[in-house]
Structures are given as structure tokens and as C-alpha cells.
There are 2 protein chains.
Amino acid sequence: MNEPRYASAGVSYELLDAAKKLAAAQALETTGLLRRRGGSGIDASRGEPAFVFELGDRALALVLECLGTKSVIARQYLDAGGPDRFENIGYDAVAAIVNDLCCVGALPLVVNAYFATGSSGWQHDPSGRYSSLVTGWRRACEAAGAAWGGGETSSLRGIVFPDEIDIAGAAVGEVPPGRAPILGQDLAPGDEIVLISSAGLHANGASLARALAAELPDGYLTRLPGGRQYGDALLDPTVIYVPLAELLLERGVPVTYLSHITGHGLRKVMRAKRELTYRIHSLPPVPEVLAFMVERTGMSPHEAYGTFNMGAGFAVFCGAGGGRQVIDAASEAGLTAIIAGSVEAGARRVIIEPLAITYETDELQLS
Amino acid sequence: MNEPRYASAGVSYELLDAAKKLAAAQALETTGLLRRRGGSGIDASRGEPAFVFELGDRALALVLECLGTKSVIARQYLDAGGPDRFENIGYDAVAAIVNDLCCVGALPLVVNAYFATGSSGWQHDPSGRYSSLVTGWRRACEAAGAAWGGGETSSLRGIVFPDEIDIAGAAVGEVPPGRAPILGQDLAPGDEIVLISSAGLHANGASLARALAAELPDGYLTRLPGGRQYGDALLDPTVIYVPLAELLLERGVPVTYLSHITGHGLRKVMRAKRELTYRIHSLPPVPEVLAFMVERTGMSPHEAYGTFNMGAGFAVFCGAGGGRQVIDAASEAGLTAIIAGSVEAGARRVIIEPLAITYETDELQLS
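Cut-offs and rules
Residues numbered from 1 in each chain as written. Chains lettered and ligands numbered in written order. Predicted model: local features only at pLDDT ≥ 70, side-chain atom pairs only at ≥ 80, totals over all residues. Heavy atoms only, no water. Least-squares fit on C-alpha atoms with pLDDT ≥ 70 in both. Domains from an automatic or database assignment. Contact = heavy atoms within 4.5 Å. Buried area = accessible area lost by both parts, 1.4 Å probe. Buried < 20%, exposed > 50% of the residue type's maximum accessible area, 1.4 Å probe, protein only. Helix = DSSP H or I, 4+ residues; strand = E, 2+ residues; numbered from the N terminus. Pairing = 2+ DSSP bridges. Axes fitted to C-alpha atoms, helices over the stretch in contact; angles between N-to-C directions. Salt bridge = Lys/Arg side-chain N within 4 Å of Asp/Glu carboxyl O. Polar contact = N/O pair within 3.5 Å; in protein donor to acceptor, adjacent residues only side chain to side chain. Parallel < 35°, antiparallel > 145°, perpendicular 65-115°, else oblique. Left-handed = near helix turned anticlockwise from the far one by under 90°. Nonpolar A, V, L, I, M, F, W, Y, C, P; charged D, E, K, R; others polar. Right-handed = clockwise from strand over helix to strand, strands pointing away.

By a simple turn and slide, chain A fits onto chain B: the slide is 0.0 Å along the axis, the RMSD is 0.0 Å, and the turn is 180°. Taken together, the rotation and translation relating the two chain copies correspond to the operation of a two-fold axis. Identified as the residue of chain A closest to the rotation axis by C-alpha distance is Val160(A), at 2.2 Å.

What follows is the structure, given as C-alpha cells:
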């Protein structure tokens, strides 16, 4: 794995992933405890974006997800004289949570919020950013069709920097009755890969975006070629893919896997724990802000597509011939989709033909 | 409300609580969304420690809770030459989560972890603290009878201080079939109040504990009268009250309310949104470390009992005559309990007779 720029921005996925393994080993020992309460854990969901368990004849899923450092961009952009974009930050956080949840075929029921600030005063900033944040959280819950149950608002002086906020959340969802959770078990050679449009940065790559802002003479106020400010474009809200997942499940589209393209970029196409090759022959348009970042940082295509979503925020895998239905459903959900490639027998890797990039299995270590 | 010392330690509950109200108002608008997925939210659970919702004939609850700043104590104690106590920190975090969940009468099924560090290297500290942390998390899940589903490990450079970790988690639980969630609706004059023993600081009051450590010449290595080090005693793991709650539910003890005594100390006795007076005639022994903190900071009894658990980590309210059963169940769960008082008709307040303290309703603003 070669991510010099990303590593220099302070994130080491290799180290994180080792830690995740340590936690995963401990977690695995506890699956059996669910039986005592009449449930049953599905260990095949470990390593997937949400943990799935059965309770009677229902399959439920629990996810806990963090926004990462995107809130710092919103704070810095506001400090630089930009408008308050914390509504989008609230929306982003919920999107990060529910997009993960729907990957296992579960639709969100309840979402809880976690807002940890470095000072009690964060919420009372005259910019109104806290009001914006909770408004965005509520709007995203509406977009995902989930209730906002509650959550935790903490002041963590000495842990969180005084002017910052750590945003995370949890969601519980249900796999629609009569459907099995989607854990990659049905992925097979010949499946089509459909890539769904993203809105830009989404929630991953924020550290790199901040590092670049620090290098630009006008920082977040730098104009992109099309005229928008860099900070403004970075803060476009993440697409919520739940309505698409819901349509696919309702219509019985033969979906074999769903992957939320976040950290690790298009390496996430091979997220399923299967020995299969994913060959991409077509790529979606790259959002302007991502193209700008790639150009200004001098990232190679290998690095760029292995870090950002590059215009593909979600991948749907389905049996041959199902791709057309995915595109239609995406269109109804207001999204653009393309049949981008197919699954083949072979070693676990992603091949992006138009760019002559190959990501090998050891370039994606999640858990 | 008069909390000069606590406020000077950087925590303003009054400000936090206003922010919670803002979020709660937005959350309330979303309850109806659950119907679309076949569920039904119970708004009476808003303001209670966990959000309760129905799905078919099941009642489920979701909670998201944060450990607060207790991890800083463990880090500072380790830095000061004390032993690694991060196993207790992991245990504390799960305890904070599941103790809240069981207050609504739900028993935990799955717990997810949230570990946000200020640097990718946190997990690789040679002290082995990360291994200790996840071991404690697993042990606490075992004590609570819940599976550890997964979670999120993030590096939040620029949000979290480099040497610190923000620890939180979420749990989903179920109200045992045939039982109603416990939301205070059955609380009535004449009910008995049983206070259950705590193990010491638990997860609340960490800011004040740190502030005191900074004032002591030997800091966390200061000896308490009984000989233990201050830091060591502070880090005694929180009691998990789930096995007690489970026994009470199994046996059909006429429980009318459960309150996890955390922030706000014994003011939490009046947590239920009911116009009732709670008269306490007996108090449990005060753990040595809390007595030490109260003495050294010069807190008044009003301040101390309104901030710390003072030896009572959990309160069980039950119909007259049920207190004896609670004491027996607590004993089987390895805990000490006392019938401490009773519920009366009257204004919402807590009266602690032995100390001539009264907490009025406006001294507890949670949501």
C-alpha cells in the first residue's frame, strides 16, 4: 500500500486496521451471549459495515459510525468568512451511518446522535452552527426514513479541542421480512457492478482536504475552475443511498452485494470477503472538487481512486441483467448510475481498466 | 443551581441541557417516520436514558452513551507511573451504556464500540493500553450478557488531543416479551426507593477528579486514608446493574422506575417526568475515594450529593413491600442495597433527610 500523501495528512489505515483486528478478536468471543436473550448473532456480518443478528423471525442490524474530521472543514470555512454549513455536516454524519447500515440489506429504524465538544460553549456559538447541525441531522433522518431517537451531547474538555466537535451516531435497522441480509454470500462471477453517483467528497478524505486548504493561498475561499469556492464544494452533503436500497429490496432486484465507497476509495469494491476479481470498464464523471484535489496534490490515479470515491459513492452488485433495474431505481431516487463492470472468477482484486489500475487484496485491510 | 466547583472544572450542565432541548425538539419531529417501516416510536421514552420503539410485538430500545473524560484519568495515572487501568476504562464505558439501557426495562442484546483517538499511534502504545481497553470492553459485555457487535475505531487528528481517546458506544436491547417498558408511568406515592451500592466514582465526576489531582502534591499517587492510591481508587470499574435488572424483571418484582445515578448525583432520583416527591431517610456508605474528594475540595453536602453518586449507583423504585425483593435480588447479584426512602405526593423534589438537603425540580434539567 502506498499512500504517502494520505499518511502525511495524519491517517494511517494500516495501523488502524491492526487495531480493528484486535477489537474484532475480542468481539467474536461474545457472539454466543445473544442466545441467552433469545437472539442469535450472525458472525458472517463481522467485517461488514453493520453487525447483523436475529431475534425471533426478524433480522436486525446495529451500526455505529463516525463522521471523521469533516466538521473541522466546516469550522475552518466558517472562520474564514464562509457561510455556516453545519447543516450539511449533520446530514453527512447521518448519511455515513445509514449508508453503512443499508449495505447489509437493513433499512434504518432509529438513529441516535453523538455530539462531543471540547467546551460547553460550542453549542452556543453566535453563528448558530449547533442549530444548523441538529437541523441537518433531522433532515437526513427524514431522507433515510428513520426516527431520531436521541443520543448524547457531551463536553469533553481535555479530550476534544475546545473549538471542535466529534460527531458520530448509531442506528438500528431491520432486514425487510422475507429477505436475507446481504453479506456477499451470493456474489458470483458474471454479476454486474453498478456504480452510483456521489455528490463530491462525502465523509472521507477530509484530512487531505484540510491539508490542501492549508497550502492554497486563499485556503477554503479558493475558486474552483467552475467558480465555486473550494470550501463550499467540499461541504456538499453526502448522498443518502437508503431510498435506493429500499427500492432495490422492494422490487426484488437480484442484489448480491452493496458497498458504500468511503475510506479506501474504489478499493472498497472488493470489500466482500470473497475470492473474486472485480473488473471495472467504465467510470462515472469525477466531481469537480475531487478532480481539483487530485490535480493540486499531484496524486497518481492509483492513489486517487484508492482514497476518494471519485464520483462513485456506492456500488451495487447484482445478477447478470439486473443492472438495468438498478439504473432505473437509481434514477427514481434522483441518482445517476452506470453499469461499470462485472465480477469474475480470480484472485481478490479490483481492476480499473480505463486507468490501468489494479488494487490487490492486500491493499484493503479492514478487519 | 449552585455548582461553582464543577463548573470551574469545565462542565456546565445548564448549557449542555439547553442544547439537549434543541436537539430533542428536532428529534421529536421524526417519530412518525418509524411507521413507514412497520415500527412505532414511544415518545414517552424521550428524556429517559434510552429511546424505546415497538416493532411488531417486540419493544426495543436504543442507547448511545459516552464515557466522558474518565479515560484521561487512566492516561494520567499511567503517565504518573501507575499501572495500566485501561481494562477498567473499557468496562466503565460498557457499564455506562448498558446501565442506561436497562433503566427502561430493556436488556442489552448487542453493544457497539466507538474509539476515537487523536493519532493513529494511540493503539500501539507500548503500555498495551489498547489491548487492555478492548479486553475490558469484552469482559463488560460478558457481565451484561450482550454481544459485542462491532463499532468504529477512528483517528481524529485535530479534533481529539493526540494522547487522548474519546470512548463511547451504542446498544440495542429488548424489553422482555410480556413486560412493558419502564418509563415512570406507574410511579406512585407509597412506592419504596431502594438504593444500590456503587463501586466509587463510576463514570461521572471525572473532570472534578482531574482538577483535584492537579492540586494534590502527589497527584494520582496520593494515598487515601486506607492506603490505596487516589488514581487507583478513582479507576475502580463501574458496577454493571444489568444482572440485577434482569432478576427483577424475571421475578416480576413490581418495579415502577429505575434510575442510573450518574451526572447530577442523587438529583437523578427525580429523573422521571412526574410531579412527585422523593424522601430519602437512609443513605449508603460513601466510598472512600468520594469522601476524600468531597473533603479535599470542600464541597458542601448539597453539592456533593448533587454531583457524585455518593455510594448509590442505581435506584430502584417499586410498589410498597417490593423493596425486600429488590434487596434479595441485589444480594444475589453481589450488590448491597438499602431501602432508602419512599415516594410521596407533592412537588417534584428530592429530600435527603439525614443531611437536610432538598433538590428542587429546577435543579435537574435533562431534556
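Read on, since the account is not over.
Now for the domain arrangement of chain A. All names here are of chain A. If you check the domain split of chain A, you get domain 1 (5–174) and domain 2 (192–363). The gap between the C-alpha centroids of domain 1 and domain 2 is 20 Å. Taken together, the contact pairs 38 residues of domain 1 with 43 residues of domain 2. Buried surface at the junction of domain 1 and domain 2, both sides included, amounts to about 3500 Å², of which 61% is carbon and sulfur.

As a further point, take helix α8 (residues 242–250) of chain B. Turn by turn, an α-helix covers 3.6 residues, leaving residues three or four places apart pointing in a common direction. All names here are of chain B. For α8, a buried count of 7 out of 9 residues is recorded, marking the element as mostly surrounded by other parts of the structure. When α8 is considered as a whole, its buried residues turn out to be Val242, Leu244, Ala245, Glu246, Leu247, Leu248 and Leu249. Positive phi appears at Gly252, one or two residues downstream of α8, with a value of about 65°.

All names here are of chain A. In spatial order, the strands read β8-β10-β7-β11-β9-β12-β13; together these 7 strands make up an open sheet with mixed pairing. Every interior strand has two partners, whereas the edge strands, β8 (255–260) and β13 (357–360), have only one. Looking at each pair of strands side by side, their axes are set apart by 20° on average, direction ignored. For strand β12 (residues 349–352) and β13, the ladder comprises 4 bridges, and the chain directions are antiparallel. Among the inter-strand pairings, Val350 is bridged to a residue of β13, identified as Tyr359.

Right, let's talk about the environment of Ile196(B) for a bit. All names here are of chain B. Inspection of the secondary structure puts Ile196 in strand β7 (residues 192–197). It is 6.8 Å that separates the C-alpha atoms of Ile196 and Ile338, two residues lying 142 residues apart in sequence. For Ile196, the contacting residues outside a window of four places in its chain are Tyr241, Leu244, Gly311, Ala312, Gly313, Phe314, Val316, Val326, Ala330, Leu335, Thr336 and Ala337.

Opposite the 85 residues of chain A that make contact, chain B presents 85 residues. Surface buried jointly by chain A and chain B totals about 7200 Å² across both partners, of which 64% is contributed by carbon and sulfur atoms. In terms of surface lost to chain B, no three residues of chain A exceed Arg37(A), Leu64(A) and Ile159(A), which account for 11% of the buried area on that side. At the junction of chain A and chain B, the tally comes to 6 salt bridges.

Once that is clear, we can look at the pairing of β13(A). Only one face of β13(A) is covered, namely the one carrying Ile357(A) and Tyr359(A); the face carrying Thr358(A) and Glu360(A) has none of its residues buried. The antiparallel hairpin formed by β12(A) and β13(A) contains 4 residues in its connecting segment, where Ala356(A) sits at a positive phi of about 55°.

This part takes up unusual backbone geometry. Residues other than glycine seldom take positive phi values, yet His264(A) does so here, at roughly 80°. With respect to the helices, strands and loops of the structure, His264(A) is situated in the loop between β8 and β9 (276–280). Of the residues examined, His264(A) reaches a relative accessible area of 4% and is grouped as buried. Backbone geometry places Ala356(B), a non-glycine residue, at a positive phi of 55°. Topologically, Ala356(B) is positioned in the loop between β12 (349–352) and β13 (357–360). The class of Ala356(B) is exposed, set by a relative accessible area of 73%.

Moving on, we come to the side chain of Asp92(A). All names here are of chain A. Mapped onto the secondary structure, Asp92 falls in helix α4 (residues 86–103). With a relative accessible area of 0%, Asp92 lands in the buried category. Within the local environment of Asp92, its side chain forms a polar contact with the side chain of Lys70, the two groups lying 3.1 Å apart.

Let us now look at the environment of Asn309(A). All names here are of chain A. Within the secondary structure, Asn309 sits in the loop between α10 (301–305) and β10 (312–318). Between the C-alpha atoms of Asn309 and Gly205, which are 104 residues apart in sequence, the distance is 9.1 Å. Other than its neighbours up to four places away in sequence, Asn309 contacts Ser198, Gly200, Leu201, His202, Ile261, Leu266 and Leu290. A polar contact is formed between the side chain of Asn309 and the backbone nitrogen of Gly311, at a distance of 2.8 Å.

All names here are of chain A. Taken in spatial order, the 6 strands of this open sheet run β1-β2-β3-β6-β4-β5, and their pairing is mixed. Two strands in the sheet have a free side with no partner beyond their single neighbour: β1 (39–42) and β5 (147–155). Ignoring strand direction, the axes of neighbouring strands in this sheet form an average angle of 20°. Across 8 bridges, the pairing between strand β3 (residues 58–66) and strand β6 (residues 165–175) is antiparallel. Counterpart to Ala61 in the pairing with β6 is Gly173.

As a further point, take the packing of helix α3 (residues 70–79) of chain B against helix α6 (residues 206–215) of chain B. Residue and element names in this part refer to chain B. Contact geometry for α3 and α6: axes closest at 8 Å, N-to-C directions at 30°. Regarding the angle of α3 to α6, the classification is roughly parallel. Two packed elements cross with a definite hand, and for α3 against α6 that hand is left-handed. When α3 is examined against α6, the residues Lys70, Val72, Ile73 and Gln76 are found in contact with a partner set consisting of Ala206, Ala209 and Arg210. For the contact of α3 with α6, the class distribution of residues is 4 nonpolar, 1 polar and 2 charged.

A separate point is the pattern of salt bridges. When charged atoms on two side chains of opposite charge get close, those side chains can pair. Residue and element names in this part refer to chain A. All chains considered together, the criterion is met by 44 salt bridges over all chains. Between Arg279 and Glu344 there is a salt bridge; the shortest N-O distance is 2.6 Å. You can see Arg279 sitting in strand β9 and its partner Glu344 sitting in strand β11 (residues 337–345), a full 65 residues away along the chain. Exposure remark for Arg279: the relative accessible area of 26% places this residue in the partly exposed category. Overall, the relative accessible area of 25% leaves Glu344 in the partly exposed class.

Residues and elements named next belong to chain B. Among the 9 residues of strand β5 (residues 147–155), 7 are classified as buried, and the element is accordingly described as predominantly covered. Two strands pair when backbone bridges link them, and strand β4 (residues 107–117) and β5 are joined in this way by 8 bridges, in the parallel orientation. Paired with Tyr114 across the strands is Glu152, a residue of β5. Taking the sense of rotation as the criterion, the β-α-β connection linking β4, helix α5 (residues 129–144) and β5 turns out right-handed.

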